[in-house]
Amino acid sequence: MKKIGILTYFWGENVGTVLQAYSTLSLLKGRFNNEHVEIINYQPKEIKIKYIWNFLHFKKVIRYFSDVRVFNSFREHNLNIDSRPLITKDYSRAVNFVTGKFDIIIVGSDTVWEIETLELKNLAPFPNIYWIPSEISAKKVAFSVSSGTTTSERLDDKTLGTMRAVANDFDLIGIRDDITEKLVQDLGIEDPDRIIRTPDPTFTYKIGSTKIRQKLERIGIDLERPIAGINLPSIHELPAIEGFRSKIIEYLRSNGFQVLVLNNITGDKGVFTLPSVTPFEWAELFKYLTISITDRFHGAIFALKNLTPVIAIDCQTKRFTAEGDSKTRSLLKEFDLDTNFHFNINDIEMNQDLLFQCIDEAHANFDKVKVERKLAEMEMRCSQFVDKIEMLL
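Residues numbered from 1 in each chain as written. Predicted model: local features only at pLDDT ≥ 70, side-chain atom pairs only at ≥ 80, totals over all residues. Heavy atoms only, no water.

1. Examining the packing of aromatic side chains
So, point 1. Using the criterion set out here, one finds 19 aromatic pairs in the structure.
So, point 2. Ring centres of F203 and F335 lie 6.1 Å apart, and the angle between their planes is 25°; on these two criteria the pair is classed as stacked. Separated by 132 residues along the polypeptide, F203 in the loop between strand 8 (195-197) and helix 7 (212-218) and F335 in the loop between helix 11 (327-334) and helix 12 (338-341) bring together distant segments of the chain. The two residues F203 and F335 agree in class, both being buried.
So, point 3. Within the aromatic cluster, the residues linked to one another by ring pairs are Y22, F74, Y205, F280, W282, F286 and F302.
So, point 4. If you follow K101 out to its NZ or CZ, it ends over the ring of F97, 4.4 Å from the centre. (Phe/Tyr/Trp six-rings, centres within 6.5 Å; stacked < 30°, edge-to-face > 60°. Helix = DSSP H or I, 4+ residues; strand = E, 2+ residues; numbered from the N terminus. Buried < 20%, exposed > 50% of the residue type's maximum accessible area, 1.4 Å probe, protein only. Lys NZ or Arg CZ within 6 Å of the ring centre and 35° of its normal.)

2. Things to note about helix 6 (residues 178-187)
So, point 1. What helix 6 keeps buried is the set I179, T180, L183, V184 and L187. The buried residues of helix 6 occupy one face: seen down the axis, they fall within an arc of 130°.
So, point 2. Packed against the buried residues of helix 6 are strand 6 (139-145), helix 5 (157-168), strand 7 (172-175) and strand 8.
So, point 3. The opening residue of helix 6 is D177, an N-cap whose side-chain oxygen sits 3.4 Å from the backbone nitrogen of I179.
So, point 4. Among the residues trailing helix 6, G188 stands out with phi positive, at a value near 70°. (Arc of directions from axis to C-beta. Contact = heavy atoms within 4.5 Å. Polar contact = N/O pair within 3.5 Å; in protein donor to acceptor, adjacent residues only side chain to side chain.)

3. Observations concerning the pairing of strand 12 (residues 291-294)
So, point 1. Side-chain alternation along strand 12 places I291 and I293 on one buried face and S292 and T294 on a second face that is also buried.
So, point 2. In the sheet, strand 9 (residues 227-231) pairs with strand 12 via four bridges, with the strands oriented parallel. Its bridge partner being in strand 12, I230 is matched across the sheet by I293.
So, point 3. Relative to strand 13 (residues 310-314), strand 12 is paired through three bridges, and the arrangement is parallel. Of the residues in strand 13, the one forming a bridge with T294 is A312.
So, point 4. With helix 10 (residues 297-305) bridging strand 12 and the parallel strand 13, this β-α-β connection has right-handed handedness. (Pairing = 2+ DSSP bridges. Right-handed = clockwise from strand over helix to strand, strands pointing away.)

4. Here's the deal with the pairing of strand 13
So, point 1. Burial within strand 13 is extensive, with five of its five residues counted as buried.
So, point 2. Burial of the side chains of strand 13 extends over both faces: V310, A312 and D314 are buried on one face and I311 and I313 on the other.
So, point 3. Two strands pair when backbone bridges link them, and strand 13 and strand 14 (residues 342-344) are joined in this way by three bridges, in the parallel orientation. Along strand 14, the bridge assignment pairs D314 with N344.

5. Observations concerning the side chain of D67
So, point 1. Along the chain, D67 turns up in helix 3 (residues 61-78).
So, point 2. Residue class for D67 comes out buried when judged on its relative accessible area of 10%.
So, point 3. Engagement of the side chain of D67 in a polar contact is seen with the side chain of S276, the distance being 2.6 Å.
So, point 4. With near-sequence residues (within four places) excluded, D67 lies in contact with E13 and S276.

6. Describing the sheet that holds strand 8
So, point 1. With parallel pairing, the six strands of this open sheet are ordered in space as 2-1-5-6-7-8. Two strands bound the open sheet, and with one partner strand each, they are strand 2 (36-39) and strand 8. For this sheet, the mean angle separating the axes of adjacent strands, direction not counted, is 20°.
So, point 2. Here three bridges tie strand 7 to strand 8, and the two strands are oriented parallel to one another. What sits directly across from I173, in strand 8, is I195. (Axes fitted to C-alpha atoms, helices over the stretch in contact; angles between N-to-C directions.)

7. Looking at the side chain of K140
So, point 1. Following the sequence through the fold, K140 ends up in strand 6.
So, point 2. What makes K140 buried here is its relative accessible area of 4%.
So, point 3. Of the polar contacts made by the side chain of K140, one reaches the backbone oxygen of I136; its length is 2.5 Å.
So, point 4. Here the side chain of K140 touches A138 through a polar contact of 3.1 Å, landing on its backbone oxygen.
So, point 5. Setting aside residues up to four positions removed in sequence, K140 forms contacts with I105, I132, P133, S134, D169, F170, D171 and L172.

Given below as C-alpha cells:
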C-alpha cells in the first residue's frame, strides 16, 4: 500500500480553505482507494494565531466561537486527520516532520506557493515545506497551487534560484491561475510538459442537500423574493471600505433585493446576517441567491457551481498585482466573465456606476448553459490531472 500525503491549508474558519482540503482529499481517496491518503497535520504557527486574533472584535465573539465549534467538528468528521499536529514556521522541523513517511507528497491546492513579503506577514517564510526540498525522496506533485500575488519581479535572485531548483525537482506541477503560470514560466522549469493548468479541486465537489434552506427561512429570508449575497471585508477588517460597502447595500435594497451578509457580523443596517453554517451548507447556499457579490475566490467558484451570477471585487490592493491580475480575475476569465463580472477597488473608485450597471445586467450577461459546459470541463481537467498522478504510483 502506497502512502500519499497532502500538504495544504485546512485550519481556521475559512470555508473555502476547508472545502478545498476536503475536495482534494475526497478526490484522491476516491481514485486511490487501495492506497493510504491523508492530510499532513502541519500548520505554520502564525497563521493559526491570525485567526485567533480576529475574535478581539467583541461583536464577533459569539459568532466566532460558534464558527470554531462548527469548523472543528467538520475537520474531525470529514478530514480524517490522525497524527498529532506540528505547528511551527521552523523549516527544518517541518522537513523532518514529513521526511520518510510518504511515497508521494501532494502540495495544494490553495495559495500554498505564495511567498511572504512586507505586505503579507502571516505566511511561512521562504523556504518553506510547501516548496518540498530535494532531500525528501518522495515523489512530488503540486496540485492546483497558487502563488497568490507573488510574481518573479517581487523576488530577489537568490530566492528565485532556490525556487527554480525546488520546482525542477517536482514530478508534476499543476498551477491554478495566470499569476502562478507566469511565475513558473519565469523560473524556467526544465521539461515544461510537467506544468499543467489545473482547476481548483472544489470543481469536483458534489453539492448535496442540506438544512441551509431552513436556516435562511429561520432568519426571515423570503425565498420568493430576490436575494443578494454579500461577502466583502467588514469595516473592522478594512475600514476604508465602509462607504463603498454601504453604497452597494443601499443600491441593492433600493432595487428590491433582500441583502444577506455572508461573512461575520458587520453592523450593516437593513440586512440579514448569515448564522453559523457548516461548509456543506455554505456550498449549497448560493443556489438560493439571485446574485452574489464577493471578494473570495471560493465564493466565486460556488456561486458558479450553483449557476448564480457572481460579481468578484478585489477590495484590497494586496490581492491584485500592479497589472490588475488576481486569482478571482483569472477564475472568471476561464469562464469568459471577467469583462462584465470582475472589478478591483481602483476600478470602482473611478466609476461606481460601472458596478451598478453590472448588477442590473447580471442575468442578461450570465449564460448559464455556457457556465454549465465550463463547469463540466473544469471537473474533467481535475480528473485528468489525477490520471497523471496515478502514473507516478
